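What follows is each chain in one-letter form.
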Amino acid sequence: MPDSSPEISVVPYDPQWAARFRQEAAELRAVFDEQAMAIHHIGSTSVPDLSAKPIIDILLEVRDIEAVDIYNQQMRDLGYDPLGEHGLPRRRYFRKIGEGQHISHVHTWQTGDPELERHISFRDYVFSHPQTRDAYSQLKTELAAQFAGDREGYMDGKYAFCQETERRAVAWSRAIRTQKIQTERLTLLPLNPAQLWHYLNRPLQLEAAQHLRLSRNVLADPVPRAIRTKLRNAAGAELQQLLWNTYWLVIIREDSFGAGLIGFKGTPGPDGSAEIGYGIDADFRQQGYGTESVRALVNWALAQPRCLAVTACTEKDNVASMRVLEKLDFSLTRETDEEFYWIVTRTPGGFIPAFDGE
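Residues numbered from 1 in each chain as written. Predicted model: local features only at pLDDT ≥ 70, side-chain atom pairs only at ≥ 80, totals over all residues. Heavy atoms only, no water.

Trainee: Teacher, can you tell me more about empty space enclosed by the protein here?
Mentor: Over the atoms rolls a probe the size of a water molecule, and its path tells where empty space is left. This model, assessed by the stated rule, comprises 1 cavity of 30 Å³ or more. In this structure, the largest cavity spans a volume of roughly 30 Å³. Taken together, Ser46, Pro48, Arg123, Asp124, Phe127, Ala194, Trp197 and His198 form the lining of the largest cavity. At the level of secondary structure, the elements contributing two or more residues to the lining of the largest cavity comprise α3 (114-128) and α6 (193-201). (1 Å grid on protein atoms, 1.4 Å probe; cavity = no way out; pocket = protein on both sides within 12 Å on 5 of 7 lines; lining within 4 Å. Points joined across faces, edges and corners; volume = space filled by probe spheres on them. Helix = DSSP H or I, 4+ residues; strand = E, 2+ residues; numbered from the N terminus.)

Here is the structure:
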């Protein structure tokens with residue numbers, strides 16, 4: 001079907017776009033089955049509060065890009081036109097049009113292709129930087145008015161902004177990933193604001209991006225409230241500020257499972273101390289993962305020049321957390337009727353020693 005080049009319409013964000021994505025994604029999973037490694041919502045409709053053309057852009061991640069063509073007829077049955085690479089090597093592109101308007105686009109890439117990083121980084125960067133998001137909204141709205149019937153003029157008008165934002169987005173995403181901490185069994189991965197938001201609101205999207213399963217149990221109260229606070233504090237933050245104001249995902253590598261969250265309440269205060277908090281899925285407790293993750297992040301913190309001590313607060317009936325802190329040389333400083341308060345300070349070496357046995 002030829003491209004009808006409909007009039008360009010940029011509209012305010014619509015929460016129903018997420019539901020439309022989920023519907024399309026479910027149909028794609030039914031078609032591609034085990035060939036589909038992950039399905040990502042990308043483009044402007046994937047970013048809350050970003051104005052967009054009401055077209056759902058989908059990134060379909062597959063095992064073998066060469067095998068995608070055998071699904072063309074099934075995609076036609078869903079209303080999609082198979083357009084092959086459509087100008088981009090290694091891609092398979094599908095377009096759905098209804099009543100003369102584009103409804104959704106499926107951009108198909110093989111796992112490991114650099115295009116995956118480019119698209120997901122752009123989405124997460126725009127979400128995580130409200131000033132960039134708002135500037136992009138304004139630019140698109142102005143261009144849509146100026147080039148209402150000229151798709152090429154509209155795309156050319158966005159080009160420089162998108163290229164620069166993409167460059168910064170990829171560098172930003174890579175810089176955050178380089179901060180991950182590896183222990184014997186775990187990876188602690190700092191989450192950017194978009195990833196935090198996805199964990200809270202659309203965990204399947206974070207699972208798709210990280211290729212792992214996520215615990216839902218750690219999102220019990222008061223964690224959602226803490227995540228919303230972190231989202232406010234981390235929005236637009238520079239890397240070092242972000243690391244103190246986000247949660248780090250506790251990944252059990254052997255199981256490819258995000259079993260918990262750990263992080264600080266913010267950057268160290270005037271006294272050089274920062275308060276840590278964490279939670280591990282109940283099914284994975286009593287296996288030393290709490291001790292291992294707290295030790296790793298406390299050691300990271302005490303290696304930072306501005307951090308002289310790490311504090312913690314536990315409820316008096318939380319025996320498991322108290323045992324973790326005691327194993328890691330935290331000292332009890334005070335108590336209230338309901339809580340204990342703990343501290344560990346920087347040693348000459350700066351680190352908590354390893355503990356043999358749990």
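From this point on, the discussion continues.
Trainee: I'm lost on helix α8 (residues 223-234) in this one. Help?
Mentor: Helical periodicity: at 3.6 residues per turn, an α-helix aligns residues three or four positions apart in one direction. A rise of 1.5 Å per residue sets the reference length of α8, with its 12 residues, at 16 Å; its end C-alpha atoms lie 16 Å apart and thus fit the reference within 8%. Taken together, the buried positions of α8 are Val223, Pro224, Ile227, Lys230, Leu231 and Ala234. Buried residues along α8 cover an arc of 115 degrees about the axis, so they all sit on one side. Away from its buried face by more than 90 degrees, α8 exposes Arg225 and Arg232. Of the surrounding secondary structure, the elements contacted by the buried residues of α8 are α6, α9 (239-245), β9 (247-252) and β10 (257-264). At the exit of α8 stands Gly236, carrying a positive phi of roughly 70 degrees. (Expected span 1.5 Å × (residues − 1). Buried < 20%, exposed > 50% of the residue type's maximum accessible area, 1.4 Å probe, protein only. Arc of directions from axis to C-beta. Contact = heavy atoms within 4.5 Å.)

Trainee: So what exactly am I meant to see when it comes to a negative patch on the surface here?
Mentor: Side chains of Glu315, Asp317, Asp337 and Glu338 sit close together on the surface and give a patch of like negative charge. The topology assignment puts Glu338 in the loop between β13 (331-335) and β14 (339-345). (Patch = residues over 30% accessible without salt bridge, like charges linked within 9 Å, V, L, I, M, F, W, Y side chains within 5 Å. Areas by Shrake-Rupley, 256 points an atom, 1.4 Å probe, with all protein chains shown as cover. Salt bridge = Lys/Arg side-chain N within 4 Å of Asp/Glu carboxyl O. Lys, Arg positive; Asp, Glu negative; His and termini not counted. Charge placed at Lys NZ, Arg CZ, Asp CG, Glu CD.)

Trainee: Honestly, the pattern of salt bridges in this entry has me stumped. Any pointers?
Mentor: When charged atoms on two side chains of opposite charge get close, those side chains can pair. The tally for this structure, following the rule as stated, stands at 16 salt bridges. Here Glu24 ties to Lys96 by a salt bridge, and the two come within 3.2 Å at their closest N and O atoms. Placement of Glu24 in helix α1 (residues 16-32) and of Lys96 in strand β4 (residues 92-98) is noted, with a sequence separation of 72 residues between them. Across this residue pair, the class does not change: Glu24 and Lys96 are buried. The network of salt bridges with shared partners includes Glu66, Asp69 and Arg92.

Trainee: Where do I start with the packing of α3 against helix α4 (residues 130-146) in this structure?
Mentor: Working note: a packed helix pair is described by the angle between its axes plus the distance between those axes. Running from amino to carboxyl end, α3 crosses α4 at an angle of 105 degrees, the nearest separation of the two axes being 5 Å. The orientation of α3 with respect to α4, classified from their angle, is roughly perpendicular. The residues of α4 that touch α3, namely those facing Phe122, Tyr125, Val126 and Ser128, are Pro130, Thr132, Arg133 and Tyr136. When grouped by side-chain class, the residues that make up the contact of α3 with α4 number 5 nonpolar, 2 polar and 1 charged. (Axes fitted to C-alpha atoms, helices over the stretch in contact; angles between N-to-C directions. Parallel < 35°, antiparallel > 145°, perpendicular 65-115°, else oblique. Nonpolar A, V, L, I, M, F, W, Y, C, P; charged D, E, K, R; others polar.)

Trainee: Teacher, can you tell me more about the nonpolar core here?
Mentor: Soluble globular proteins: nonpolar side chains tend toward being buried together. Grouped together as the largest cluster of nonpolar side chains are 36 residues, with contacts concentrated most on Phe264, Ile276, Leu297, Val298, Trp300, Val310 and Phe330. Here the element with the most residues in this core is helix α10 (residues 289-302); it accounts for 8 residues. The contact partners of Leu297, leaving out residues within four places of it in the chain, are Ile181, Leu188, Trp248, Ile262, Gly263, Phe264 and Ile276. Leu50, Phe127, Leu214 and Val223 belong to the second-largest nonpolar core, a separate cluster that totals 26 residues. (Core = buried A, V, L, I, M, F, W, Y, C linked by side-chain atoms within 4.5 Å.)

Functional significance is not addressed by these values, which are geometric in nature.
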